[in-house]
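In case you want the letters, here they are:
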Amino acid sequence: MAILHIGVMAVALGSAGVPAPAPSPGTALPPVIALCEAAAPATPATVALPPGQSDKARALLRGGEDGADAALAVLLAPVASPLADASTDPAPADIRQLAEYCLVAGEAMRRARSGSQSRAQDFLRTALVLADRAGDAPLAARAAWEAALAQAGGAPPSTSGVRRRSGTTARPGEGEAVAGCAAAAAPALTAGRRLEAAFACALGRAALAGDARLTALSALRLGRLQNARKAGDMAHLSQGLDAASRVADRSESAALQRALLMLACDAGQCPTDFVGGAVARYADMVAAGVGDAATLAALQGRIALAQDDAGNARALLRRAVFLESQKPLPQNLPQYLLLLADAEPGRASAHVLAAYRALERVRSVLMPVDPLTEESRFDLVVRPVFERAIGTTLTNAGDDAATLGQAQRIAEAYRSAELQNALGAECVPLRNPVTSADLQPGEILLYPLLLEDRVELLYATGDDKGLGYRRMPPDRSINRATIAALAQAMTTSLSGESDDWEAASRALHAVLIAPIADRLRPGGTLVIVPDGPLRQISFAALMDAQGTFLMEQVQLAVVPALSFAAPGTRDSDPSIIAASLEKEMDLPVGRFSRLEGTAAEARMAAGRDGVLLADFNRASLAGALARRPASVLHLATHAAFNGRTARSFIVANNEAITLPELRAMLSANQLRGEALQLLVLSACETAVGDDDQAMGLAGAAVEAGAASALASLWEVNDAGTAALMEAFYTHYRAGVGRARALQLAQIDLARGADGQWADPGIWSAFTMVGSWR
C-alpha cells in the first residue's frame, strides 16, 4: 500500500484552492474525494492509497458504455483506515502515483452518467498540480486534456447549481489559478473564453510532453472554439496538422488530419501552403489505403473553390458526393452537399434541401459523440444542415403560407432534435406539437430564427389562427453572432457581474419584440420558442424604447420545442408538496453550501393545506408523492443541470436525486390521478451565459414529467427568492394561470413601494418553462 504525506501537498495546492468546508455531520465521504479535491484541507497526514483501486478503475474505463460508471463505483467505495500519522515529505514517485490516481478518478467522474463535471474538474486540477510536482510532463498533459474536456462538459469547478446565501459573493476558491493555466479559471473571462484557455493549456502541455495525439486533439478543439468567434490567429492548426501526421495509429491520424483540414478551410485557410502540403500528405495516405477518397476529393474541391477555380471545384465536390453516397452509412454526405451548394450558387437551394434529406436518413443512427475527439456530432453534422435548410426555405418562401409552414416544420424538427440530443433521445418522448389552432385569443407564438446573415421572426396568433404562421420582414442588420453577444452581455450583467444590462436589453427588444409589438395586448400571453443563445436570457427584462419591461405588457412563457409543450389547464385548487434542504452538503457530485431561508420558503409554499418536508431525503419525498396526489412540487434546494438528464440532479439530505429518479417518483403521483402541473425549482442555477445548460433547465420539466417548471436562470439571494415566491403563490392560489401568476409577482417586486426588489437581476431571474395557462 502506497503511503503519501499530504501536509506539504496542501501548500503546493494553495494556488489552486482554499480549504474546503468541512463535511456535513454524518456525511462519510469516500477517500478519493479527500485525496483529490483541488482545495484539500491543510491537515498533515499520511494517505494510504487503496491498493489496486486505480489500476482496476483504469481497466473498467476501457469497458464500453458502462465502464465509467463501474470505475466510479470502485473509486467511491469506502476503504478502511485511509490515514495514518507520518512526518516525512513524499517522494516524487509517491506524488506521481497520487497524480495518476486523481487523473483516473477525474476521468471516471467526467465520463460516468452518475458523475459530476464540477467534481471532475476539481480532481483533474489536483492531478495536474501533482504531476507538475512530480516532474511528469506526459501525465500533466493527460490531466490538462481531461480537465479541458470536463470544463467543456459542465459547470465551473464546484459552482454550478448553487444558491448563494444572502449578502455573500463568490465562494472561496472560485476561479483560482491552477498550475500555469490561470486563464482557464479566470472569472473575468466569459465561459467560452475560459474554455478556450483550458484547451490552450492542454495544447501547451501536450506539446511540451511531445504527445502528438493530444497535441492534435487540443489544437482541433481550440480551433473550433476560436473559429466560432471568428478569431484571426489560427496558427495552432498548422501545429495540430503536423502532430496529427505523427500519430502512431494511422486510422486516428487520418481522422485527425481530416478534421483539422476541414476546420482550416472553414477558417479561410484553404489557399495556404500548410493546408496544401497537408492535403498532399493526406493524398499519400489515401493511396496507401488509409485515408478516405471522398474526403480527399472534398478537400481538393474546397482548395479549388478558394482559388476561384469554379469548374474544378464543382467536379471535385460532385465526386466527393458520389463517393460518399456509395457508403453504407454516408454520414458526411450532408456536409459535402452543402459544400456543393457553395460551389454551384445557381443550384444552391436544391443542394441544401438534398443535404437536409440526406441528414434525415442518417441522423437516427449517428453516434451522438465522436469517440476520438469527444465532440458533439449534433454540433458538427446536424446543426449546420438544419440552419442552412431553414435559411434556404425562408429565402424561397416570401409570404407563401405553405412554404412558411415547411420552414416552421424544419425549425421545429431542429428544436426537437436539439433537445433530444441535449438530454438523451431515450429520455425525451415526442408529443403532438402545439399548433396555431391550439392558441386562444390574445396568445401569440413566436419563433425567432437566428441565422448567419439575418434574424427571422415567425409567429402565429390565436386571434387569426386560421392564417397559420406568418413572417416578419427579415432583419439583415444583425445576425446570430451579434444576438449571441447581446444575450451574453445582458445575462452576465443581470446576474450581478455589472450594471450595464439595459443597452443589450433594449437592443434585443428592438430585434425580437418590437416588430410584433402592435400584436401584443394587455392580458395576453407571448409564448417563445428560443433559438440557441436566446435560451439564456430573461425575456421579462427586455425593455422597449419607452423604458417599459416586456413583463409589464404581456405574460410570458418559454417552451424548448412545440413537441414538448402544451398550453395546459388552469390549476384552480393546487395540491402542493414543498420540500426544503438547509444543511450544508458534501456529496460525490459536489459541495453545496448551507441554504438559509429555504425552510421558511417551503412553509410558505405549502401553506395550511400542503405537505411540508424539511431537510427531505429520497424516501420522504417518494413517500409523500405516493401517499397524496400533488399538482405542484416545490423544491427549495440546490439543483444542477449538467447536460444529459442522468447528470442533472436535485440535492437531498446526504444524497442526490437525478431527474430520471424524480420522474419515477412522480409516475406514482400520476397513477393516483394527479398529473404534475408545476415543478418549482427555487434554488437552481444554470451556468451564466451557457445556452447548452439553459437547455438542460428547459428539459427539466420535460424529463420530470411536469407540464411546466418555474426556475431561476442565475443565482438570486435568499431574501429576493423568498419575496418572489411569496408573491407568486399569492396569485397562483387566487386561481390565475401560472404565467399570469409569475407576471403579477414580477410586477409586485418591480413596482414595490419601497423599491427593495426593483432590481431586475432579482425578479427577472425566474422563468416559466412549458405550459402557460
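Residues numbered from 1 in each chain as written. Predicted model: local features only at pLDDT ≥ 70, side-chain atom pairs only at ≥ 80, totals over all residues. Heavy atoms only, no water.

Tallying secondary structure elements over the protein chain gives 28 helices and 18 strands in all. Taken over 773 residues, the protein chain has a buried fraction of 58%. Restricting to contacts in the protein chain with at least 6 residues of sequence separation, those with at least 24 account for 72%. (Helix = DSSP H or I, 4+ residues; strand = E, 2+ residues; numbered from the N terminus. Buried < 20%, exposed > 50% of the residue type's maximum accessible area, 1.4 Å probe, protein only. Contact = heavy atoms within 4.5 Å.)

Here we come to the state of the cysteines. In a disulfide, the sulfur atoms of two cysteines are covalently bonded to one another. Using the criterion set out here, one finds two disulfides in the structure. Between Cys-36 and Cys-102 runs a disulfide, and the two sulfur atoms are separated by 2.1 Å. Taking the torsion about the sulfur-sulfur bond, which here is approximately -85°, the covalent link between Cys-36 and Cys-102 counts as left-handed. With a gap of 66 residues between them, Cys-36 in helix α2 (residues 31-36) and Cys-102 in helix α5 (residues 92-111) connect regions that are remote in the sequence. According to the relative accessible area criterion, Cys-36 is buried, its value standing at 0%. (Disulfide = S-S within 2.5 Å.)

This paragraph deals with helix α23 (residues 618-627). Those residues of α23 that sit buried are Leu-621, Gly-623, Ala-624 and Leu-625. Sitting at the head of α23, Asn-617 places a side-chain oxygen 3.2 Å from the backbone nitrogen of Ala-619. (Polar contact = N/O pair within 3.5 Å; in protein donor to acceptor, adjacent residues only side chain to side chain.)

A word on the nonpolar core. Counting residues in hydrophobic clusters, the biggest one holds 96 residues, and the most contacted among them are Leu-261, Tyr-336, Phe-386, Ile-390, Tyr-447, Leu-562 and Trp-772. Those residues in contact with Leu-562 that sit more than four places away from it in its chain are Gln-408, Glu-412, Asn-432, Pro-433, Val-434, Leu-445, Tyr-447, Tyr-469 and Val-529. By size, the runner-up hydrophobic cluster in this structure holds 66 residues, among which are Leu-512, Val-680, Tyr-729 and Met-768. (Core = buried A, V, L, I, M, F, W, Y, C linked by side-chain atoms within 4.5 Å.)

On to the packing of aromatic side chains, then. Taken as a whole, this structure holds 10 aromatic pairs when the rule is applied. Taking the centre distance of 6.3 Å and the plane angle of 20° together, the rings of Phe-378 and Tyr-414 count as stacked. Note that Phe-378 is positioned in helix α17 (residues 377-397) and Tyr-414 in helix α18 (residues 401-423), a separation of 36 residues in sequence. Judged by its relative accessible area of 5%, Phe-378 is buried. Owing to a relative accessible area of 1%, Tyr-414 belongs among the buried residues under this scheme. Ring centres of Phe-592 and Phe-649 lie 6.0 Å apart, and the angle between their planes is 80°; this geometry places the pair in the edge-to-face category. Here Phe-592 is found in strand β11 (residues 590-592), whereas its partner Phe-649 is found in strand β14 (residues 649-652), with 57 residues between them in sequence. Just as Phe-592 is buried, Phe-649 falls in that class too. In this structure an aromatic cluster arises from ring pairing among Tyr-356, Phe-378, Phe-386 and Tyr-414. (Phe/Tyr/Trp six-rings, centres within 6.5 Å; stacked < 30°, edge-to-face > 60°.)

This brings us to the pairing of strand β13 (residues 632-640). Most of β13 is tucked away: nine of the nine residues are buried. As paired strands, strand β9 (residues 576-580) and β13 are joined by five bridges and run parallel to one another. Looking at β13, one finds that Ile-576 is bridged to Val-632. Two strands pair when backbone bridges link them, and β13 and β14 are joined in this way by two bridges, in the antiparallel orientation. When the sheet's bridge partners are listed, Ala-640 is paired in β14 with Phe-649. (Pairing = 2+ DSSP bridges.)

So, on to the environment of Gln-117. Along the chain, the position of Gln-117 falls in helix α6 (residues 117-134). The sequence separation of Gln-117 and Leu-149 amounts to 32 residues, and the corresponding C-alpha distance is 9.2 Å. Here the side chain of Gln-117 touches Arg-110 through a polar contact of 2.9 Å, landing on its backbone oxygen.

As a further point, take the packing of helix α14 (residues 310-325) against helix α15 (residues 333-343). Interhelical geometry of α14 versus α15 gives an angle of 160° and a closest axis separation of 9 Å. As the angle between them shows, α14 and α15 are arranged roughly antiparallel. The way α14 lies across α15 gives a crossing that is left-handed. Only Leu-333, Tyr-336, Leu-337, Leu-339, Leu-340 and Ala-343 of α15 make contact with α14, whose side of the interface consists of Arg-314, Leu-317, Arg-318, Ala-320, Val-321, Glu-324 and Ser-325. By residue class, the composition of the contact of α14 with α15 is nine nonpolar, one polar and three charged. (Axes fitted to C-alpha atoms, helices over the stretch in contact; angles between N-to-C directions. Parallel < 35°, antiparallel > 145°, perpendicular 65-115°, else oblique. Left-handed = near helix turned anticlockwise from the far one by under 90°. Nonpolar A, V, L, I, M, F, W, Y, C, P; charged D, E, K, R; others polar.)

The next thing to look at is the packing of α15 against α17. Their axes nearest at 10 Å, the elements α15 and α17 cross at an angle of 40°. Comparing their axes, α17 and α15 come out oblique. In this structure, α15 crosses over α17, and the sense of that crossing is left-handed. Contacts between α15 and α17 involve Pro-334, Leu-338, Ala-341 and Asp-342 from the first element and Pro-384, Val-385 and Arg-388 from the second. The residue makeup of the contact of α15 with α17, split by class, is five nonpolar, no polar and two charged.

To continue, consider the confidence of the model for the protein chain. Residues at a pLDDT of 70 or more form 82% of the protein chain, whose mean pLDDT is 84. Low pLDDT (under 50) marks residues 1-27, which in the prediction has 76 contacts with non-local residues, meaning those over four places away or in another chain. In this model residues 38-46 is a low-confidence stretch, pLDDT under 50, and it forms 33 contacts with partners more than four residues away in sequence or in other chains. (pLDDT = per-residue confidence, 0-100.)

With that out of the way, let us pick up α15. Within α15, nine of the 11 residues are buried, which leaves it mostly tucked inside the rest of the structure. Among the residues of α15, Leu-333, Pro-334, Tyr-336, Leu-337, Leu-338, Leu-339, Leu-340, Ala-341 and Ala-343 are the ones counted as buried. Check the buried side of α15 and you find it contacts α11 (250-266), α13 (293-306), α14, α16 (348-362) and α17.

A word on the side chain of Ser-253. Mapped onto the elements of the fold, Ser-253 is located in helix α11. Beyond its immediate stretch of four places on either side in the chain, Ser-253 contacts Ala-244, Ser-245, Val-247 and Met-285.

For the coordinates displayed, the defined rule picks out 45 salt bridges. Residue Arg-142 pairs with Glu-100 through a salt bridge whose shortest N-O separation is 3.2 Å. With a gap of 42 residues between them, Arg-142 in helix α7 (residues 137-153) and Glu-100 in helix α5 connect regions that are remote in the sequence. A salt bridge links Glu-418 to Arg-535; its shortest N-O distance comes to 3.3 Å. Within this pair, whereas Glu-418 is found in helix α18, its partner Arg-535 is found in the loop between β7 (525-528) and α21 (550-553), the two being separated by 117 residues in sequence. Both residues of the pair, Glu-418 and Arg-535, belong to the buried class. Shared partners join several salt bridges into a network, and the residues in it are Arg-58, Glu-100, Glu-107, Arg-111 and Arg-142. (Salt bridge = Lys/Arg side-chain N within 4 Å of Asp/Glu carboxyl O.)

Burial along strand β12 (residues 611-614) is one-sided: the residues Val-611 and Leu-613 are buried and none of Leu-612 and Ala-614 is. Bridge count for β9 against β12 is four bridges, and the pairing is parallel. Residue Ser-580 lies in a different strand from β12, and its bridge partner there is Ala-614.

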